[in-house]
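# An overview of the molecular structure
The chain contents come next:
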Amino acid sequence: MPELWDLYDARRNLTGKTVRAGEELPQGSYHLMVSGWVMNSKGEFLMVQHHPDTNAPMLWDCIGGWALSGEDSAKAILRELREQIGASFAAYHGRRLQSIRSGDHFIDVWVFRSDLEIKDLKLRENDLVGIKWVTPEIFADMFTQKRVVPAVHYFTTLYDRALSL
């Protein structure tokens, strides 16, 4: 059964319409994407590395993906955390820091505080091949070296806000 995405208008109101994942959206329609950053007590952020056969081969990224039909932002990011790294969180463990409208989608950026142990996490097969904690300085170097997906360019503004959690 194909995944469906709910469609939103420019003011982020649900339209009551859906589209199959990956299909072109009707003019003036948007869908929801979620990005989740896990921050530990040292101020490091968890990053995952995409599989070579994905649309971001071997690039590093935060945890995230598209909200499925019927999911709000919180449900979508909690599902993505479970599916991508095998970590279970409750919505109250995280905080939505910002929402960005970009192209034909809204991106909700979440931060979760946790001292997860990498050895306890399970990466989604055929999608992710690496996982590590990075400091803001390491992230900046990785970004400059183009080893990070370009879509997470907002990280530097996120970091200062995440410290206040």
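Residues numbered from 1 in each chain as written. Predicted model: local features only at pLDDT ≥ 70, side-chain atom pairs only at ≥ 80, totals over all residues. Heavy atoms only, no water.

## A short note on the pattern of salt bridges
Going through the model one piece at a time under the given rule, you end up with nine salt bridges. As a salt-bridge pair, Arg-79 and Glu-80 come within 3.1 Å of each other at their nearest N and O atoms. Here Glu-80 falls in the buried class, since its relative accessible area comes to 5%. Between Lys-119 and Asp-120 there is a salt bridge, and its shortest N-O distance comes to 3.3 Å. Assessed through its relative accessible area of 69%, Lys-119 is described here as exposed. (Salt bridge = Lys/Arg side-chain N within 4 Å of Asp/Glu carboxyl O. Buried < 20%, exposed > 50% of the residue type's maximum accessible area, 1.4 Å probe, protein only.)

## Remarks on the environment of Asp-108
Relative to the assigned elements, Asp-108 resides in strand 8 (residues 105-113). With a relative accessible area of 0%, Asp-108 lands in the buried category. In the structure, Asp-108 is positioned 72 residues away from Gly-36 in sequence and 8.4 Å away in space, judged by C-alpha atoms. Apart from the residues lying within four places of it in its own chain, the contact partners of Asp-108 are Arg-12, Leu-32, Met-33, Val-34, Ser-35, Ser-73, Arg-96, Gln-98 and Ser-99. Within the structure, the side chain of Asp-108 is placed 3.1 Å from the side chain of Arg-96, a separation counted as a polar contact. (Helix = DSSP H or I, 4+ residues; strand = E, 2+ residues; numbered from the N terminus. Contact = heavy atoms within 4.5 Å. Polar contact = N/O pair within 3.5 Å; in protein donor to acceptor, adjacent residues only side chain to side chain.)

## Section: the side chain of Gln-98
Residue placement: Gln-98 occurs in strand 7 (residues 94-102). Take Gln-98: its relative accessible area is 19%, and that puts it in the buried class. Discounting residues that sit within four places of it in the chain, Gln-98 has contacts with Ile-107, Asp-108, Val-109, Tyr-154 and Arg-161.

## Quick word on the nonpolar core
In this structure, Val-38, Leu-46, Leu-81, Ile-85, Phe-89, Phe-112 and Leu-116 are the most contacted members of the largest nonpolar core, which totals 26 residues. No other element matches the six residues that helix 1 (residues 73-85) contributes to this core. With near-sequence residues (within four places) excluded, Val-38 lies in contact with Glu-44, Phe-45, Leu-46, Leu-81, Phe-89, Phe-112, Ser-114, Leu-116 and Trp-133. (Core = buried A, V, L, I, M, F, W, Y, C linked by side-chain atoms within 4.5 Å.)

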